[in-house]
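What the coordinates show
Each chain, written out:
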Amino acid sequence: MSSEHVTSAESYQGTTPVVPNEAEKPAGFSPSESADPTLDYTVAHGRAKAFYEHYERKDELQHQTHYCPGCGHGTVHKMLARAIDDLGVQDRTILVGPVGCSVFTYYYFDVGNVQAAHGRAPAVATAMKRSRPNSIVISYQGDGDLSAIGSAEILHAANRGENITVIFVNNAIYSMTGGQCAPTTLLGQKSTTTPDGRSAATEGYPLHVSELLSTLEAPVYIERVALGDNKQVAQASRAIKRALENQVRGLGFSLIEVLSPCPTIWKMTPVDAQRWVHDVMEKTFPLGVFCDRTKERTPQPHALESSAAPGTLPKAAPTLADIPGILGVAEENLPEGNAHAVVSEHDIDLQVRIAGFGGQGVLLLGEVLAEAGLDAGLEVSWLPSYGPEMRSGTSNCCVRIESETIDSPLVNSPNVLVAMNEPSLRKFDKSVRPGGWVIYNGDEFPANCARDDVHVLALPFTHLADELGDTRASNMVMLGALLEITGVLPQASIDAALRRLVKNPRWVELDERAMARGRELYKESLLGGVKCVPMAIQT
Amino acid sequence: MTDAKKPDRGQLRIDVDECKGCGLCIEACPPKVISMSERLNHYGYRTAIYGGAGCTGCGICFMICPEPGAITVLRLASKCVGLAAEANAAGQEAASCASN
Amino acid sequence: MRKQLMKGNEAIVKSAILSGCRAFYGYPITPASEIAEAAAVFMPKAGGVYVQAESEVAAINMLYGGASAGIRAMTASSGPGISLMQEGISYMAGAELPCVIADITRGGPGLGNIAAEQGDYHQVVKGGGHGNYRTIVLAPHSVQEMADLTALAFELADRYRNPVVILADGFVGQMMEPVAFPQKAIGSSMPPWAVAGTAETRPNMINSLHMDVDDLERHVRALEAKYKIAEQREARAEEWCTADAEIVLVGYGIVGRILKAVTAEARANGLKVGVLRPITLYPFPVVQFQRLAFNARAFLVVEMSNGQLVEDVKLALNGSRPVEFLSRVGGNVPSHEEVLNFVHGLARRTVDEERMANV
C-alpha cells in the first residue's frame, strides 16, 4: 500500500486544511493542536479520491453514509475506493449497485454508477463490460441480492468468466427489509422469518457461494475474507485490490466474499458484532482462497492497451460502409429484380400448400418456389408451420405467387396441394379449390380421398428419387411436376433460385436432374392416359 | 508509550460530522489512543476522540472505520526526523500493524 | 430497389444492425429464435456483442447494462419470455433507457402453444411491469415492416429514452417475403447520459430509485409529459379503402393482412368496407379512429386474442359508434370466410337497425 499510497497523499503543512471545508467547521476535528506546527505531517490514510466529498442523498447527512454505526458496508466501500485509487482506474470504473442496504452506492462512489434490479447486477455488469471492455466493471452485492434472487445471474456470469469484479458482502441476513432469513443465515440463527432459528429441515443449509462458484472452470479468483478483526480487515483490503487488479489485467472473473457485521439486525454492539463474525460466522463460512488461476491465465490484450481509446470495442469494428455487405443486403450483392420476368396474359394467382413429414424437404420446396417467383418479377410470400413439427411429425408451408400485391400470406384454399405422404393428403385434400391440383407422393391414391373436382397426379416420387441416387431429392421431383403442371415460372428463375438456396454444387446438380425428371413424369402421365389436364392458372 | 523527546510518528484527525460512534476504531487502535467523547455531535452520536498523543500512524483505525472520511491518519514526513525507516515500516501495510 | 426473400425475424436483426444496434442479448424461444440465431451470426461480424443469456430475466438486465453503457441494444422473445422481462422493462422505463424488444407472440396463457396468437397485447401495450410507465409499441404486418419499424423503433427509443416493443405475431416473424433495406448503415454516437467507463461519462448515473416522494412524483410526471408528446407525434395507422367506408375493420399484424383480403371481396360484393390498421399500439392512433367515425356506421375489431385491442378501440371511439368484435384464440386464425360472413351479417344488421330507427 505504502508505495502507491504515497503518490496520492496530499502534503500537509501544519494548519493547512486537509479537508477543504475544514475551516468552516473547526469544531469538527478532535484535537491535534498539540502537534508541533513546525513538523511536517503528511496524510497517509484519508478519504479515497474515488469517494465524493459530499453525499447528495439528502440535504442533511451530507457527510455521513446512510449505513448504521458499525456496518461492514462502509468498511468494504473504503477498501474498494482505495483499490480504485491505487490502481488509478477511477475514470474507467463503472460500479453496478444492488438492491439491499448498499443500494445507495451511487451517492458515495465518484465513478460511473448504474443501479441494478435486485440480484441482476452481474447481468448488467456483463453487458457493460462486453460493450465497453476498457471499463472496469464492479458488481457490488449483498447476500440476499447475490445468493438468493440473483443466484442464476451470478452463477452464469461466473461460468462465462466475465472479466468483472464482484464484491459479495455476506452478513447472513436480509438487513434492509428488517432481518428476514437469507440463504446464508446460519443454522439456528434467528431471523424474523425463522423466529425459532434456521432449521436445516425447513430452510436448508447456509449457502456457500464461494465454494459453489469455485467448482466452475471459468473464474480466475475467489476468496472469502472477513471483517472480524484487524488482521482480517487488512487481508480483506488486499483481496479486494487483487480482485480489481485481475480485471485491470484482463484475467477474468474475480469474486471476493466478505463476512460482514450487521450490528443493527443482529442486535449487538458494533464491537460484539465484529467478534461474532470472527467467532461464529467464520465457523460456518471458512476463510481462504477457493480458486486462484491468476498464474494460468493470459492477460487479455485490450485490458493492457493503455493506448486504446476508452470505451472503444476491442477489435477493429467494420466501417459503416461495410455493414450492408456483411449483412448480405448490399444492393450490388442482390439478385436482379425481374431477372426472368414472366409475361402472362392472365393474372397469376398461384396458391400452393406443401405438406409432408419433417425432413422431407417441404420448406425448401416452398422456398425454391417463392425465390423463383421473386426472380420472375412476381409478388411472393412463404409461410411455414413451425415449431416441434420441424423435427418430426407433419410440416407444411404455404407459398403465394401473384401478379398483384399479396393481401394475406395465409392460404386457406390452395389451388395446388403438394402432399408428400398420406397423412398430409388427408389433412389438406378437402381444402383444395375446385379445379385445382393435388400432387401426391404414394404408390396409389387413397380411394376415399378422391374428389371429382380436382386434378390428381399420384406417383411414387420417392422411388423415382431413389433411382436418381438420393431419396432426399423427392421434393425436387415433385417440384418439377408442379412446375410443368402450372407452367407459371420460367426454368431460368428456378435455376437461379436453386443456386441461391442450395450451396453444395453436387446437390444443385442432383436437384436439377430431379426437377427435369419430375417434368418428364408429368408429361409421361399424360401420354399414359392418366386423367389429368394442365390447368390454366388464372383467377 | 510516546517518547517525550521524539515527536509522534502519526497524527489522527476525526471528523465528528462523519463519526457515528460505533467504537470499532477504539477497539482496533493498537496503542489505544482513541476514546469515546462525552459530547454528542450534530446527529446525536457520541463520537470517537483522539487523545492528542501517541498515534503511530499505522492506519488500522482508518481501515476499520466504516465512514469514508471520518478518520484521517497523518504521518510524520521522513525528512523531519530521522524516523524514516520507522515511519516506513509502520506504513508498509496495515497488516504489519495488525499484528501489533 | 432490389428485394430479397427473407424471414421477418431475420429482417429485424439486419435492420437493427443497419440502425446502429451493436448488442443483442437473448434467450431462445419459439417462434422468436431466428432473431437470436441471426444476431449470433451477424452481431459479432458487425463488431457488436452477442450474449445468449441464462434466462429472459438476465437478458433484459443485460439490455439494461448495454443501454446504460450507451450502446444501441436489443433483445427478442415471445410471450412467456416477455413475462419474465417485465421487471427489467419497468426498470428501463424508470431509468429512461432506450432499447428495442421484439415480442414474436405465441399462444397463452402459461405454456399455451407455439402457434401465432395476439394475447400479449395487454402485457406489452398496457405495460406488464410495475409502476407508472408506458412502452412504445409498433406492430408490423409484413416482412418489409419488420425491417422498417425496427429502424423506427431504435429512432423512437433514443428520442424518448424509453423501451420500444416490436409486437409481431408468429406469422409475421416466421414468414418470408421480399424485403428491401433502402437505408444507409448508421452508427450511434455516445449519448451524453451514458455510463461508459470514461472520464467524460464518470459523473453520470443510471438509476430508477427515487426515495423522496416528491422526487418520485416529479419523475413520474416528467415521464408522463414525455408520453403525452409521443401520443401527439408518434401515433400511426394504415388506412385501406377507408375514404367511403361504412364498416371499418380493425386489426393489427397478420390480422391486418386478412382484413385487406376480406375488404377486396366485400367491396366486390358491394359493401363499403375499409381497414384501419394501427401500426403503433401505443401511442394508439385515436385521431384516425375519431376521423373515420364521421362516415362509418360501425367498427369491427378482429383479434387473435380474447378482447384486448377492442378495449382501446372502444376508448378511442368513446361510444360514438358501435364496436363489434370477432376473435379467434389458441393459435387459430380468423379465416377470410369467417370475417366476410361476419361483415355481411353486420351490414345487414346495421341496415335493419337504421330502418327500424326511421320507422
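In this text, all values refer to a predicted model and were calculated from it rather than measured experimentally. Every chain is numbered independently, its residues counted from 1 as its sequence is written. By the order in which they are written, chains take letters starting at A while ligands take numbers starting at 1. Owing to the predicted nature of the model, reporting of local features is limited to residues with pLDDT of at least 70; listing and counting of side-chain atom pairs is limited to 80 or more, with chain, interface and lining totals taken over all residues. Side-chain metrics rest on all non-hydrogen atoms present in the structure, leaving aside hydrogens and water.

**What to know about the interface of chain A and chain C**
We count it as follows: Here a residue-residue contact requires only that any non-hydrogen atoms of the pair lie within 4.5 Å. Whenever a carboxyl oxygen of Asp or Glu lies within 4 Å of a side-chain nitrogen of Lys or Arg, that contact is scored as a salt bridge. Comment: elements are numbered from the N terminus, with helices defined as DSSP H or I runs of at least four residues and strands as E runs of at least two. Just so you know the grouping, Ala, Val, Leu, Ile, Met, Phe, Trp, Tyr, Cys and Pro go in nonpolar, Asp, Glu, Lys and Arg go in charged, and all remaining residues, Gly too, go in polar. Should DSSP find at least two bridges between two strands, the strands are taken to pair.
Listed as interface residues are 68 residues of chain A and, on the opposing side, 75 residues of chain C. Put simply, chain A and chain C have five salt bridges between them. Two residues, R120 of chain A and E87 of chain C, come together in a salt bridge whose shortest N-O distance is 3.1 Å. Among the secondary structure elements, those contributing two or more residues to the side of chain A that touches chain C are β4 (112-115), α4 (121-131), α6 (151-160), α13 (323-327), α14 (362-375) and β11 (379-384) of chain A. Among the elements that make up the side of chain A that touches chain C, the one with the highest residue count is α4 of chain A (seven residues). Grouping the constituent residues of the side of chain A that touches chain C by class yields 37 nonpolar, 16 polar and 15 charged. Bridging between β4 of chain A and strand β9 (residues 205-206) of chain C involves two bridges; their strand directions are parallel. Residue V114 of chain A lies in a different strand from β9 of chain C, and its bridge partner there is I206 of chain C.

**What to know about the packing of α14 of chain A against helix α18 (residues 491-501) of chain A**
All names here are of chain A. To keep things clear, this is the line we draw: Every axis in this analysis is a line fitted to C-alpha atoms, fitted for helices over the stretch in contact. Angles between the N-to-C directions lie between 0 and 180 degrees. Note on angle classes: values under 35 degrees are labelled roughly parallel, values over 145 roughly antiparallel, values of 65 to 115 roughly perpendicular, and the remainder oblique. In this scheme the handedness of a crossing depends on how the near helix is turned from the far one: anticlockwise by less than a right angle means left-handed, clockwise means right-handed.
Two elements in contact, α14 and α18, have axes separated by 8 Å at closest approach and are oriented at 125°. Taken together, the axes of α14 and α18 lie oblique to each other. The handedness of the crossing between α14 and α18 is right-handed. Listed contacts from α18 to L364, E367, V368, E371, A372 and D375 of α14 are S493, I494, A496, A497, L498, R500 and L501. Here the contact of α14 with α18 is composed, by residue class, of eight nonpolar, one polar and four charged.

**Details of the pairing of strand β7 (residues 221-226) of chain A**
Residue and element names in this part refer to chain A. Operational definition: Think of it in three bands: residues with accessible area under 20% of the maximum for their type are buried, residues over 50% are exposed, and the middle band is partly exposed, with areas taken using a 1.4 Å probe on protein chains only. Whether a crossover is right-handed depends on one test, that the path from the first strand over the helix to the second runs clockwise when the strands point away from the viewer.
Along β7, six of the six residues are buried, which leaves the element largely enclosed by surrounding structure. In β7, alternate side chains face the same way, and those of Y221, E223 and V225 on one face and I222, R224 and A226 on the other are all buried. Summarising the sheet, β7 and strand β8 (residues 254-259) pair through six bridges and their orientation is parallel. When the bridges of β8 are listed, Y221 appears paired with S254. Once the chain exits β7 it traverses helix α9 (residues 230-248) before rejoining the sheet at β8, and the crossover so formed is right-handed. Inspection of the sheet shows β7 paired to strand β9 (residues 288-292) by four bridges, in the antiparallel sense. Within β9, the residue paired with I222 across the bridge is C291.

**Overview of the sheet that holds strand β12 (residues 273-278) of chain C**
All names here are of chain C. Here we have five strands laid out as an open sheet, ordered β10-β12-β11-β14-β15, and mixed in their pairing. Strand pairing shows two members of the sheet lacking a second neighbour, β10 (237-240) and β15 (323-327), which therefore form its edges. Adjacent strand axes in the sheet meet at a mean angle of 20° when their direction is disregarded. Helix α11 (residues 309-317) contacts β11 (247-250), β12, β14 (298-303) and β15 of the sheet and is inclined by roughly 160° relative to β14.

**Remarks on the UniProt feature "coiled-coil region" (unreviewed entry) in chain C**
Put simply, the test is: UniProt positions are given in the numbering used here, feature names are shortened, and annotations may be inferred rather than shown by experiment.
Under the feature "coiled-coil region" (unreviewed entry), the UniProt entry names residues 206-233 of chain C. Secondary structure content for residues 206-233 of chain C is 75% helix and 4% strand, while the C-alpha to C-alpha distance between its ends is 27 Å.

**Concerning the packing of helix α2 (residues 72-87) of chain A against α9 of chain A**
Helix-helix packing is described using two parameters, namely the angle between the two axes and the distance between the axes. Residue and element names in this part refer to chain A. Contact geometry of α2 with α9 gives a least axis separation of 9 Å together with a crossing angle of 45°. One way to sum up the angle between α2 and α9 is to call them oblique. Classified by chirality, the crossing of α9 by α2 is right-handed. Judged by residue contacts, V76, M79, L80, A83, I84, D86 and L87 of α2 engage V233, A236, S237, I240, K241, L244, E245 and V248 from α9. Within the contact of α2 with α9, the residues separate by chemical class into eleven nonpolar, one polar and three charged.

**Looking at unusual backbone geometry**
In the segment running from T30 of chain C into P31 of chain C, the intervening peptide bond is cis, with an omega of 5°. Note on placement: P31 of chain C falls in the loop between β2 (23-26) and α2 (33-45). For the peptide bond that leads from G108 of chain C to P109 of chain C, omega is 5°, which places it in the cis range. Relative to the assigned elements, P109 of chain C resides in the loop between β5 (99-105) and α5 (121-125). Positive phi outside glycine occurs at K267 of chain A, with the angle close to 60°.

**Focus on the domain arrangement of chain C**
All names here are of chain C. Rules: All domain edges in this entry derive from an automatic or database-based domain assignment. Buried area counts how much accessible surface, traced with a 1.4 Å probe, disappears from two parts once they are put together, with both parts' losses summed.
By the assigned domains, chain C splits into domain 1 (4-233) and domain 2 (237-358). For domain 1 and domain 2, the distance between their C-alpha centres works out to 29 Å. Of the roughly 2,400 Å² buried between domain 1 and domain 2, counting both surfaces, carbon and sulfur atoms make up 54%. When the area that domain 1 buries against domain 2 is broken down by residue, the three leading residues are Q118, Y121 and H141, summing to 32%. Taken together, the links from domain 1 to domain 2 amount to three salt bridges.

**With respect to the environment of M515 of chain A**
Residues and elements named next belong to chain A. Topologically, M515 is positioned in helix α19 (residues 505-527). Between the C-alpha atoms of M515 and Q247, which are 268 residues apart in sequence, the distance is 60 Å. Excluding residues that lie within four positions of it along the chain, M515 makes contacts with M476, L479, G480, L483, I494 and L498.

**Quick notes on the sheet that holds strand β6 (residues 136-138) of chain C**
All names here are of chain C. Overall, mixed pairing links the seven strands, which are arranged β3-β2-β4-β5-β7-β6-β13 in an open sheet. On the outer flanks of this sheet lie β3 (49-52) and β13 (280-282), each paired with one strand and no other. Neighbour-to-neighbour, the strand axes of this sheet turn through a mean angle of 20°, independent of strand direction. Sheet topology note: the β2/β3 ladder contains four bridges and is parallel. When the sheet's bridge partners are listed, Y25 is paired in β3 with V51. Where helix α4 (residues 79-95) meets the sheet, its contacts fall on β4 (73-77), β5 and β7 (163-169), and the angle it forms with β5 comes to roughly 160°.

**What about empty space enclosed by the protein?**
Residues and elements named next belong to chain B. The line we're drawing: Each cavity reported here is a set of points on a 1 Å grid over the protein atoms alone in which a 1.4 Å probe fits but cannot get out, each pocket an open set with protein on both sides within 12 Å along at least five of seven lines, and each lining residue one with an atom within 4 Å of a point. Grid points are joined across faces, edges and corners, and a volume is the space filled by probe spheres set on the points.
With the rule as written, the count across this model stands at seven cavities of 30 Å³ or more. If you add up the space inside the largest cavity, you get close to 110 Å³. Lining the largest cavity we find 16 residues, and of these C19, K20, C22, C65 and P66 sit closest to its centre. Its volume calculated, the second largest cavity comes out at about 70 Å³. Taken together, L12, C29, P30, P31, V33, I34, C55, T56, G57, C58, G59 and C61 make up the full set of residues lining the second largest cavity. Classifying every residue of the lining of the second largest cavity gives nine nonpolar, three polar and no charged.

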